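Notes for the structure review
Here's the letter readout for the chains.
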Amino acid sequence: MNRPLKNYDIAELKRLDLAHHLPAQADYKLLEDIGGSRIITRAEGSTIYDGEGHSLLDGMAGLWCVNVGYGRDELARAAYEQMLELPYYNTFFKTVTPPPVRLATKIAEKMSVGNPDLQHVFFNSSGSEANDTVLRLVRYYWQLKAEPDRNIIISRRNAYHGSTVAGMSLGGMTFMHAQGGPMVPGIEHVRQPYAFNEGFGEDPATFTQACVDDIEARILSVGPDKVAAFIGEPVQGAGGVIIPPEGYWPKVEALCRKYGILLICDEVICGFGRLGQWFGHQHYGIKPDVIAMAKGLSSGYLPISAVGVSSKIVDVLKTGGDFVHGYTYSGHPAAAAVALANIEIIEREGLVERTRNDTGPYLAKALKRLDAHPLVGEARSLGLIGAVEIVAEKGTNHRFGGKEGTAGPLVRDLCIKNGLMVRGIRDSIVMCPPLIITHEEIDRIVDIIEQSLNEAE
Ligand code: PLP
C-alpha cells in the first residue's frame, strides 16, 4: 500500500506525550529521563518505522499480535465498509449484528478440530476482559451445578493472563500482585514448567512429573471438590516463552479429568497459528473446556477478544436464566468484521501451515546457530515464538553480569539499536514475529541477536 508519508513534529509529540499521556506498563519517571517514548509512525509487512527515520524489523509482531503483518488494505476496508453500514449495535436487547454471528461460526469451525464440543463463542474487547469472562463463567457454571464451593482456580507462577484485577490475579506475576491489590480471592499458583530455570540439568521426564505432582498436591491440599478449573497458556508468552516439556499438557489434562476440574487454555498469544496450529492446545493434542483468545484474532487491527466455550458448559448455562455478564463492545460489528477478514487472510495464505512446515522449522534451525555463542544458555522455539537465554558461563544457567534480570533488557536495547524490535524478559530475549516473516527476515533476526550478544560480551 503506497501512502503519502505524513510529516509529524516528533519533538512536539514527545513533549505532549510526556505532559499528558500515561502509556501502558511504563515507568513514567524513566520515560521523562530518556526524553519520552519512541514514536512509531507507520509500518508495512514485518517492518515498523519511527518518526526519526529509523526502521526496525518487528520481531514481536507488535505485542504478540500482528499475525498477518502490517499494511493490509483488506482489513482497513472491512472496518470501513462495516462502519458505514452499521458502526455499532449491541447484543444486550435480544439483538445481534451479522459480523459476530459469522465470526463465532468461523471460530467454532477452527477450535472444534479434535474437540467437537467446543462450539460456542462469547466476545469481549481484550485478552484481559476475556479472562474476566472466563473467571466468572467457570465459577457460575459450578454454582449452577449446585457445587458453589468449587470456586478455586489453579494457575501457574509467572503466568500472564492480563492486567485487569481478574487478569492479574489469575496471572502469576508477583510484581503485579504487589501493586493495587487486593487480588481476586480463590486463585492458587503452582509451579511453572520452566525447565531452563527450575529444572536445569534434570531429566526432562522427572522435571515434567515434578511440575504435574505440584499441581496434584495443590488440588489435594485445597480439596478436589473445591477446585473449579486449571488455567494455563499452552506456551507461556510474557513469562519468557516457556515451552513445556513433552508430555506436560496431556498429564495436566489427565489430572483435570481425574478430579472433574475444568481445563482452560489461555490462547491469547498461542491462537491463530502461532504454534503452527489454529490453537496452541491443538499442538499438544488436549481438549480444553474453555479457551480465551485475542491478539491474532484480529491481528491487532481492532481490539477484539473471545472466549470459546464447550457445549457441556453452555447446556448448564441454559438452566440459569440471564448470564448477567457482558460489555458494551461485546460482539462489536466493525471489530468482528475485521477479525473475520483477518482469519480469511490466514486461511488464504496458508499461514498456519506455513508456520508449522516452513517458517517455524526455519526459525528453529536458524536459532541453533546461536547455541555456539558463549553467552547463550539455550535458544528455543516452537512455531514462530522463541527465546534466547543469556548466561554468564556456557553450560550453566548462571546469569550474565551476576545480577538476575538484567541481561534481557541490556541485549534488547542493543537489538533495537541494531534494527530489531524484540523484548527482554529477565535474562532472555524473546521473539514472536508476524506469521508472514520470510526466511531472509528470520536470518536477519538471528544475525542481529548474535551481533547484539557480541556487543554485550
Ligand atoms: N493472556 C495472555 C496469554 C496474554 O499474553 C495477554 C497479553 O499479553 C493477555 C491475556 C491480556 O491481553 P490484553 O493485553 O489484550 O488484555
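Residues numbered from 1 in each chain as written. Predicted model: local features only at pLDDT ≥ 70, side-chain atom pairs only at ≥ 80, totals over all residues. Heavy atoms only, no water.

Going by what an unreviewed UniProt entry lists, the chain is known as Aminotransferase and is assigned to Asticcacaulis machinosus. Quoted verbatim from the Cofactor (unreviewed entry) field of UniProt, the annotation for the chain is "pyridoxal 5'-phosphate". Under the heading Sequence similarities (unreviewed entry), UniProt records this for the chain: "Belongs to the class-III pyridoxal-phosphate-dependent aminotransferase family." (UniProt positions renumbered as here; feature names shortened; annotations may be inferred.)

Helix length check: helix H14 (residues 333-348), at 16 residues, gives a terminal C-alpha distance of 22 Å against a target of 22 Å (1.5 Å per residue), a fit within 8%. Taken from the residues just after H14, Gly-350 is the one with a positive phi, measuring 60°. (Helix = DSSP H or I, 4+ residues; strand = E, 2+ residues; numbered from the N terminus. Expected span 1.5 Å × (residues − 1).)

Core analysis: the largest hydrophobic core is formed by 98 residues, its most contacted members being Trp-64, Leu-103, Ile-107, Phe-230, Met-293, Leu-297 and Ile-449. Of the residues forming this core, the biggest block, nine residues, is contributed by H14. Sequence-distant contacts of Phe-230, defined by excluding residues within four places in its chain, comprise Ile-154, Arg-156, Val-190, Ile-215, Tyr-248, Trp-249, Val-252, Cys-256, Ile-261, Leu-262, Leu-263 and Ile-264. Of all hydrophobic cores here, the second largest spans 28 residues; its members include Val-134, Leu-135, Val-138 and Ile-264. (Core = buried A, V, L, I, M, F, W, Y, C linked by side-chain atoms within 4.5 Å. Buried < 20%, exposed > 50% of the residue type's maximum accessible area, 1.4 Å probe, protein only. Contact = heavy atoms within 4.5 Å.)

Looking at the secondary structure, you find Arg-150 in the loop between helix H6 (127-144) and strand S5 (152-156). A distance of 3.2 Å separates a polar atom in the side chain of Arg-150 from the backbone oxygen of Pro-224. Among the polar contacts listed, one links the side chain of Arg-150 to the backbone oxygen of Val-227, at a separation of 2.7 Å. Every residue in contact with Arg-150, bar those within four places of it in the chain, is listed here: Trp-142, Pro-224, Asp-225, Lys-226, Val-227, Ala-228, Tyr-259, Gly-260 and Ile-261. (Polar contact = N/O pair within 3.5 Å; in protein donor to acceptor, adjacent residues only side chain to side chain.)

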